[in-house]
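Spelled out, the chains give:
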Amino acid sequence: MDTLSEVIAITRTGKPRSARVEWRAPWGQRFGAAPGSMGFQVVLQGSCWLIPGEGEPIQLGVGDVVFFPHGDEVALADSPSTPLPAPACDPLQDHELFTTASMAGTGPVTVTLCGGYRLDRARIHPILTGLPGLIHLPARLGHHPELRAAIELLAAEIENPRLGADTVVSSLLDTLLLYILRAYIEQGPEPCDAHGWAAALADDAISAALDAMHREPAHPWTVESLGARAGLSRAAFARRFSSLIGQPPLSYLTWWRLAMAGRLLCESDAPLGEIAARVGYGSEFAFANAFKREYGTAPGRYRRASSPAVDPHLHVLARAF
């Protein structure tokens with residue numbers, strides 16, 4: 001997979017959740033912090049106000065998308081002056097993939113679409129940790145048509161589910177998440193953070209090197225060979241990569257290999273020697289030592305502790321009813 005797809009695949013866990021909610025004024029709802037999750041809200045009809053934990057309220061209109069990469073506490077309301085109740089408890093405690101609801105008063109209607117994703121805190125990629133707490137993608141004619149199309153498809157499927165709805169909704173939620181991140185990365189000019197992950201993915205040279213590492217983690221990459229993929233000299237590549245990513249190329253490659261190993265340990269029963277080879281280690285012993293330095297525990301113990309039992313905290317996936 002390409003870099004952005006791999007980032008999402010390796011850090012998201014469990015199934016996403018979504019809801020279509022019809023609000024009637026006056027209404028206001030606070031959504032408590034949900035560390036280890038990320039979520040979005042989209043206005044499908046009417047308008048409302050987003051009230052972040054810090055900063056001024058933001059008026060939202062039809063087609064506006066707001067994304068919360070770190071599960072920060074926020075509130076939605078028909079007006080900034082509407083009283084807000086205590087944070088909502090478990091918004092999707094029934095663990096359904098998608099749901100619909102009607103809330104509050106008898107006044108003008110606002111319809112929102114929300115979705116949520118749970119992250120594996122041990123494997124959150126720096127591209128996600130470097131994102132701001134709130135990303136607002138205002139609706140603008142002609143901008144991000146694929147994102148708008150995915151929103152419309154998801155909203156229609158939730159409102160009127162048909163055969164195969166579970167697969168359709170789950171796939172559309174994954175697609176929507178990638179479209180949101182792509183839209184943010186491409187909207188520029190601000191990078192995700194001081195290390196510039198958005199800038200790195202938009203940089204043809206560095207993006208080519210990242211893509212090579214992600215597609216072939218077991219390859220015996222060197223700074224020189226990665227520089228060749230980037231079309232740069234060894235020194236120029238190392239400087240540009242470190243400036244944008246915040247660490248040297250081979251340090252990032254090691255982090256990525258071990259993150260992939262962690263996922264394989266959780267999601268497969270492959271022998272340790274096979275996993276070691278798949279992520280670029282010549283021996284099980286070398287792999288085990290590197291893994292223990294990164295994760296603080298041996299691979300076998302990590303696998304046993306990460307056995308996919310029912311997750312009692314699955315409910316923190318989304319930020320709506």
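Our subject is the structure that appears above.
Remember, it's a predicted structure, so these values are computed and weren't measured experimentally.

Student: I keep staring at the environment of Asp-64 and nothing clicks. Help me out?
Tutor: Tracing the backbone through its elements, the reader meets Asp-64 in the loop between strand 5 (58-60) and strand 6 (65-68). Judged by its relative accessible area of 8%, Asp-64 is buried. For Asp-64 and His-136, which are 72 residues apart along the polypeptide, the C-alpha to C-alpha distance reads 7.4 Å. Beyond its immediate chain neighbours, meaning those up to four positions away, Asp-64 contacts Gln-41, Val-42, Val-43, Gln-59, His-136, Leu-137, Pro-138 and Ala-139. Engagement of the side chain of Asp-64 in a polar contact is seen with the side chain of His-136, the distance being 3.2 Å.

Student: How do you make sense of unusual backbone geometry when you look at a structure like this?
Tutor: Most peptide bonds take the trans form, and the phi angle of most residues other than glycine is negative. Residue Ala-25 is joined to Pro-26 through a cis peptide bond whose omega torsion reads -5 degrees. Here Pro-26 lies in the loop between strand 1 (12-24) and strand 2 (28-31).

Student: Looking at this structure, I do not really get the packing of aromatic side chains. What am I missing?
Tutor: The geometry of an aromatic ring pair is captured by the separation of the ring centres together with the interplanar angle, meaning the angle of the planes. Counted by the stated rule, this structure contains 11 aromatic pairs. Aromatic pair Tyr-281 and Phe-287: ring centres 5.9 Å apart, planes at 55 degrees, arrangement tilted. According to the relative accessible area criterion, Tyr-281 is buried, its value standing at 16%.

Student: Looking at this structure, how should I read helix 9 (residues 249-267)?
Tutor: Along an α-helix, residues three or four positions apart point the same way, because every turn accommodates 3.6 residues. Here helix 9 contains 19 residues, and its C-alpha end-to-end distance of 27 Å stays within 8% of the 27 Å for a straight helix at 1.5 Å per residue. Of all 19 residues that make up helix 9, 15 are buried, and the element is covered over most of its length.

Student: So what exactly am I meant to see when it comes to helix 6 (residues 204-215) here?
Tutor: With 12 residues, helix 6 ought to run about 16 Å at 1.5 Å a step, and its terminal C-alpha atoms sit 16 Å apart, in line with that. Every buried residue of helix 6 is listed here: Ala-205, Ile-206, Ala-209, Leu-210, Ala-212, Met-213 and His-214. The inward-facing, buried residues of helix 6 abut helix 1 (3-11), helix 5 (197-202), helix 7 (223-230), helix 8 (234-245) and helix 9. Its side-chain oxygen 2.9 Å from the backbone nitrogen of Ala-205, Asp-203 forms the N-cap of helix 6.

Student: I would appreciate a short explanation of the layout of surface pockets in the present structure.
Tutor: A probe matching the size of a water molecule, rolled over the atoms, marks out where space remains unfilled. Quantified by volume, the second largest pocket comes out at close to 290 Å³. Contributing to the lining of the second largest pocket are 13 residues, with Asp-2, Thr-3, Leu-4, Arg-182 and Leu-201 lying nearest its centre. Elements with a minimum of two residues in the lining of the second largest pocket: helix 1, helix 4 (165-187), helix 5 and helix 6. Top contributing element to the lining of the second largest pocket by residue count: helix 4, with five residues.

Calculation criteria
- Residues numbered from 1 in each chain as written.
- Predicted model: local features only at pLDDT ≥ 70, side-chain atom pairs only at ≥ 80, totals over all residues.
- Heavy atoms only, no water.
- Helix = DSSP H or I, 4+ residues; strand = E, 2+ residues; numbered from the N terminus.
- Buried < 20%, exposed > 50% of the residue type's maximum accessible area, 1.4 Å probe, protein only.
- Contact = heavy atoms within 4.5 Å.
- Polar contact = N/O pair within 3.5 Å; in protein donor to acceptor, adjacent residues only side chain to side chain.
- Phe/Tyr/Trp six-rings, centres within 6.5 Å; stacked < 30°, edge-to-face > 60°.
- Expected span 1.5 Å × (residues − 1).
- 1 Å grid on protein atoms, 1.4 Å probe; cavity = no way out; pocket = protein on both sides within 12 Å on 5 of 7 lines; lining within 4 Å.
- Points joined across faces, edges and corners; volume = space filled by probe spheres on them.

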